[in-house]
Amino acid sequence: MDEYYVATFYSTNYALKCEKTLKQDNIKVKLIPVPRQVSSNCGLAARMDEEALRAFSNLCREGTIEVEGLYSVVKEGKNLIFTPINKECP
Amino acid sequence: MVIYMDNAATSYPKPQEVLSAMNYFFQEVGGNPGRSGHRLSLKSGEIVYDTRDVLARLFHIEDPLQIVFTLNATMAINIALSGLLKPGDHVITSTMEHNSMARPLRYLEEKGVELTRIDCPAPTFQLDLEQLEKSIRKNTRLIAVVHGSNVVGTVFPLEEIGKIARKHGICFMVDAAQTAGAYPVDVQKAGIHLLAFTGHKGLFGPQGTGGLYVDPGLRLESIYRGGTGSKSEEDRQPDFMPDTLESGTPNAMGLAGLGAGGNYILREGLPTIRKKEIELTNQVVQGLSSIPGVFIVGEEKAENRMPLVSFVMKGLTPSTVGEFLDERYDIMTRVGLHCSPWAHQSMGTFPEGTVRVSLSYLNTPSQVDTLLQAVRELSREEVKL
């Protein structure tokens with residue numbers, strides 16, 4: 001599967017908190033520079049697979065982490081296509 | 001070998017892992033925390049976040065992002081007082097405050113903030129809680145007090161003060177410069193809204209580190225603004241924590257050291273640290289009490305005080321004593337007023353001050369023996385001054 005998910009944050013501190021909180025539950029996320037396609041913000045975004053996304057969404061619902069935007073990403077030829085998804089119940 | 005007994009000014013030596021963490025940052029990381037997306041910036045951001053996390057665990061803070069990093073406790077106190085208080089507000093404080101609290105409060109008093117100082121009577125110099133509660137007015141916005149006195153060591157009962165604040169719906173601010181890392185602080189149990197701490201004393205971090213915890217229900221107006229690495233498209237300050245109060249590149253290398261200091265404390269355990277400090281304090285107090293012509297100021301029992309003892313010697317100025325201890329015995333103490341004119345005025349030791357011996361977890365009983373031997377010799381006037 002070439003599909004993955006990207007979450008953006010209001011602050012890099014939120015990104016770091018997200019990574020640390022998920023890591024404590026052994027869930028893998030990778031912090032990456034924010035893709036230009038989704039935000040002009042400097043700083044970090046979280047890249048995750050579907051399993052991580054489920055854990056991530058639970059934390060969002062509990063209010064433990066705050067997310068700005070959530071996107072599914074698919075590769076189409078040379079391009080990455082970012083599609084916004086509902087951050088409350090993906 | 002120098003015998004360092006000035007830990008209330010800054011702790012020395014530091015645990016080896018504090019130096020290692022800073023060295024690692026300097027050699028291997030180097031990036032600006034939370035600014036860029038590359039791996040060195042990310043690593044730096046993770047280190048700074050980890051330090052927030054360790055401090056949150058130490059102080060029982062639920063969300064590490066409610067901690068704002070500062071240069072020291074003084075900066076944290078200024079951010080808190082200036083960010084919260086408006087002309088017409090009333091503040092209650094104590095007579096044992098350090099100038100880091102006294103001066104910002106006096107400044108705000110000139111701008112229209114009302115100020116009441118609560119007495120801390122001899123011989124323990126404990127805060128008079130009855131007088132504190134009686135001083136509350138309709139416009140009282142804040143109770144702001146030191147946790148542990150830097151002059152006599154007396155520790156104020158935070159939970160009891162917090163109870164009074166909660167009962168009257170008043171904000172509660174604590175200056176934990178002396179106690180953070182060396183004495184239990186639980187912001188939830190004590191109902192603390194604002195906790196100012198420094199990194200370079202009990203927390204064993206380097207100088208130039210410190211912070212302020214802000215209760216999630218409080219909104220402080222920042223006294224400075226700037227780059228935060230967040231919302232870069234906006235030319236107005238973000239309103240979320242900690243960015244709203246934390247602009248500009250932080251002291252990331254120092255914070256790497258502070259995090260290592262915090263981890264050292266968590267690993268050793270606060271009860272273990274306290275136990276040793278109480279033993280050392282009792283050794284100093286008992287030893288000095290048995291020397292003729294030595295008068296200890298502050299009689300709070302060791303369980304309720306920081307490991308520091310202030311004393312004066314008959315016929316000798318504090319500066320003479322300090323000079324002798326340094327030159328003859330390589331013992332570092334601090335003499336004078338300790339940046340605390342209010343405290344020395346209420347103790348009756350103003351303006352000469354006292355000799356202050358302040359210990360840390362890393363001092364030893366044999367070092368205390370050397371101190372006692374030196375003071376004994378000085379009291380017998382066997383030395384040519």
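Residues numbered from 1 in each chain as written. Chains lettered and ligands numbered in written order. Predicted model: local features only at pLDDT ≥ 70, side-chain atom pairs only at ≥ 80, totals over all residues.

Draft legend 1. Local environment of the domain arrangement of chain B. Residue and element names in this part refer to chain B. The domain boundaries assigned to chain B delineate domain 1 (3–12 + 269–379) and domain 2 (16–268). On a C-alpha basis, the centres of domain 1 and domain 2 stand 27 Å from each other. At the interface, 29 residues of domain 1 touch 32 residues of domain 2. Every element with two or more residues in the side of domain 1 that touches domain 2 is listed here: α9 (270–289), β10 (308–313) and α11 (341–347). Split by residue class, the side of domain 1 that touches domain 2 holds 11 nonpolar, 12 polar and six charged. (Domains from an automatic or database assignment. Contact = placed C-beta atoms within 7 Å. Helix = DSSP H or I, 4+ residues; strand = E, 2+ residues; numbered from the N terminus. Nonpolar A, V, L, I, M, F, W, Y, C, P; charged D, E, K, R; others polar.)

Draft legend 2. Summary view of the interface of chain B and chain A. Contacts between chain B and chain A engage 17 residues on the former and 16 residues on the latter. Residue composition of the side of chain B that touches chain A, by class: five nonpolar, six polar and six charged.

Draft legend 3. Structural view of the pairing of strand β13 (residues 354–358) of chain B. Residues and elements named next belong to chain B. Summarising burial for β13: five of the five residues are buried, a large majority. As paired strands, β10 and β13 are joined by four bridges and run antiparallel to one another. Note on β13: the bridge partner recorded for S310 is R356. By the bridge criterion, three bridges tie strand β12 (residues 334–336) to β13 in an arrangement that is antiparallel. Paired with G336 across the two strands is T354, which belongs to β13. (Buried ≥ 20, exposed ≤ 12 C-beta atoms within 10 Å, placed from the backbone. Pairing = 2+ DSSP bridges.)

Draft legend 4. Just the nonpolar core, in detail. All names here are of chain B. In this structure, A80, L194, L195, A196 and L212 are the most contacted members of the largest nonpolar core, which totals 137 residues. Split by domain, this core shows at least three residues from each of two domains, domain 1 (3–12 + 269–379) and domain 2 (16–268). What L195 contacts, discounting residues up to four positions off in sequence, is F59, V174, A176, V185, V187, L212 and Y213. (Core = buried A, V, L, I, M, F, W, Y, C linked by C-beta atoms within 7 Å.)

Draft legend 5. Summary view of the sheet that holds strand β2 (residues 67–70) of chain B. Residues and elements named next belong to chain B. Here we have seven strands laid out as an open sheet, ordered β2-β8-β7-β6-β5-β3-β4, and mixed in their pairing. With partners counted over all chains shown, the strands left at the sheet margins are β2 and β4 (114–118), one partner each. Sheet twist, expressed as the mean angle between neighbouring strand axes with direction ignored, is 20°. Bridge count for strand β6 (residues 171–175) against strand β7 (residues 194–198) is three bridges, and the pairing is parallel. Each bridged residue has a counterpart across the sheet, and for V174 the counterpart in β7 is L195. On the sheet, helix α2 (residues 39–59) packs against β2, β7 and β8 (210–214) and is oriented at approximately 115° with respect to β2. (Axes fitted to C-alpha atoms, helices over the stretch in contact; angles between N-to-C directions.)

Draft legend 6. Representation of the sheet that holds strand β4 (residues 69–76) of chain A in the model. Residue and element names in this part refer to chain A. Here we have five strands laid out as an open sheet, ordered β2-β3-β1-β4-β5, and antiparallel in their pairing. Where the open sheet ends on each side, the last strands, each with one partner, are β2 (30–33) and β5 (79–84). Between one strand and the next, the sheet's axes are offset by a mean angle of 35°, whatever the strand orientation. The sheet contact formed by strand β1 (residues 4–8) and β4 spans five bridges and is antiparallel. By the bridge assignment for β4, A7 is matched with L70. In the packing of helix α1 (residues 12–24) onto the sheet, contacts are made with β2 and β3 (44–48), and the angle to β3 comes to roughly 30°.

Draft legend 7. Main features of helix α2 (residues 50–62) of chain A. Residue and element names in this part refer to chain A. Helix length check: α2, at 13 residues, gives a terminal C-alpha distance of 19 Å against a target of 18 Å (1.5 Å per residue), a fit within 8%. Within α2, burial applies to A52, L53, F56 and S57. Taken around the axis of α2, the buried residues stretch over an arc of 140°, which confines them to a single face. Turned more than 90 degrees off the buried face of α2, the exposed positions are E51, R54, N58, R61 and E62. (Expected span 1.5 Å × (residues − 1). Arc of directions from axis to C-beta.)

Draft legend 8. Focus on the environment of B:T272. Summarising the element assignment, B:T272 is placed in helix α9. The spatial distance from the C-alpha of B:T272 to the C-alpha of B:T154 is 20 Å, given a sequence separation of 118 residues.

Draft legend 9. Focus on the packing of helix α3 (residues 73–84) of chain B against helix α4 (residues 99–110) of chain B. Residue and element names in this part refer to chain B. With their axes 9 Å apart at the nearest point, α3 and α4 run at an angle of 30° to one another. Classed by the angle they form, the pair α3 and α4 counts as roughly parallel. The handedness of the crossing between α3 and α4 comes out as right-handed. Here α3 contributes A73, T74, I77, N78 and L81 to the contact with α4, which in turn contributes S100, M101, P104, L105 and L108. Taken together, the residues of the contact of α3 with α4 sort by class into seven nonpolar, three polar and no charged. (Parallel < 35°, antiparallel > 145°, perpendicular 65-115°, else oblique. Left-handed = near helix turned anticlockwise from the far one by under 90°.)

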